[in-house]
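Reading the structure
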Amino acid sequence: MPSSIASLLSGSIPIFTFLGAALFLPEERPTKQRALGVALGFAGIALSTRPWQGGMNIFFIGILWMFAGSLGVGPSFVYVRRFLSHLKLSPYEVMRNPSHCLR
């Protein structure tokens, strides 16, 4: 997969963050503008990657793996906001000792 397509797909992380926030953070209600922005972002990624063209056997699998990675990273921001923000940990503390996150 070309790196340009991989970077476009990694740009879908905010889309999955938005969807996770809409589902699991009641204080983050989606607005029409945000929903439109997410829809346009998703359409732009789909049009740019063009999964319907050419050698879809490996290319399509690469697209699916990149989306799976983004799907894993996006909700992590929602998790931190919902369950860890009250601990007032610095990013360095979370990185240095992730066991703080399990309390």
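1. Focus on the overall build of the chain
Counting its regular elements, the chain contains five helices and zero strands. The N-to-C order of helical and strand elements in the chain reads α-α-α-α-α. Counting across all 103 residues of the chain, residues that qualify as buried make up 25%. Considering only intrachain contacts with a sequence separation of at least 6, the fraction spanning at least 24 residues in the chain is 66%. For the chain, the accessible area works out to roughly 7,300 Å², and carbon and sulfur atoms hold 70% of it.

2. Concerning helix H1 (residues 3-10)
All buried positions along H1 are accounted for by Ile 5, Ala 6 and Leu 9. Taken down its axis, H1 places every buried residue within 100 degrees of arc, on the same side.

3. Points about the side chain of Ser 70
If you trace the backbone, Ser 70 turns up in helix H4 (residues 56-84). With residues near it in sequence (within four places) discarded, Ser 70 still touches Leu 9, Ser 10, Ser 12, Ile 13, Phe 16 and Pro 75.

4. As for the pattern of salt bridges
As enumerated under the stated definition, the model contains two salt bridges in all. The closest approach of N and O atoms between Glu 28 and Arg 34, which form a salt bridge, is 3.5 Å. Arg 81 is the salt-bridge partner of Glu 28, the closest N and O atoms lying 3.0 Å from each other. Linking Glu 28 in the loop between helix H2 (13-24) and helix H3 (32-49) with Arg 81 in helix H4, this pair joins segments that are 53 residues apart in sequence. Three or more residues joined by partner-sharing salt bridges are found here, namely Glu 28, Arg 34 and Arg 81.

5. Focus on a nonpolar patch on the surface
A contiguous nonpolar patch, built from Tyr 79, Val 80 and Phe 83 and spanning about 280 Å² of accessible area, is present on the exposed surface. Examined against the element boundaries, Val 80 turns out to sit in helix H4.

6. A short note on the packing of aromatic side chains
One pass over the structure, following the stated rule, counts three aromatic pairs. Ring geometry for Phe 16 against Phe 67: centres 6.0 Å apart, planes inclined by 90 degrees, an arrangement best described as edge-to-face. Taken together, the residues span a long stretch of sequence, with Phe 16 in helix H2 and Phe 67 in helix H4 at a distance of 51 residues. The pair Phe 16 / Phe 67 is uniform in exposure class, with both members buried. A centroid spacing of 6.2 Å and a plane angle of 40 degrees characterise the contact between Phe 42 and Phe 67, whose relative ring orientation is tilted. In this pair, Phe 42 sits in helix H3 while Phe 67 sits in helix H4, placing the two residues 25 residues apart along the sequence. The rings of Phe 16, Phe 42 and Phe 67 are connected pair by pair, giving a single aromatic cluster.

7. Observations concerning the environment of Val 73
Positionally, Val 73 belongs in helix H4. Taking the relative accessible area as the measure of exposure, Val 73 reaches 34% and is therefore partly exposed. The sequence separation of Val 73 and Ser 10 amounts to 63 residues, and the corresponding C-alpha distance is 9.5 Å.

What counts and what doesn't
Residues numbered from 1 in each chain as written. Predicted model: local features only at pLDDT ≥ 70, side-chain atom pairs only at ≥ 80, totals over all residues. Heavy atoms only, no water. Helix = DSSP H or I, 4+ residues; strand = E, 2+ residues; numbered from the N terminus. Buried < 20%, exposed > 50% of the residue type's maximum accessible area, 1.4 Å probe, protein only. Contact = heavy atoms within 4.5 Å. Areas by Shrake-Rupley, 256 points an atom, 1.4 Å probe, with all protein chains shown as cover. Arc of directions from axis to C-beta. Salt bridge = Lys/Arg side-chain N within 4 Å of Asp/Glu carboxyl O. Patch = residues over 30% accessible without salt bridge, like charges linked within 9 Å, V, L, I, M, F, W, Y side chains within 5 Å. Phe/Tyr/Trp six-rings, centres within 6.5 Å; stacked < 30°, edge-to-face > 60°.

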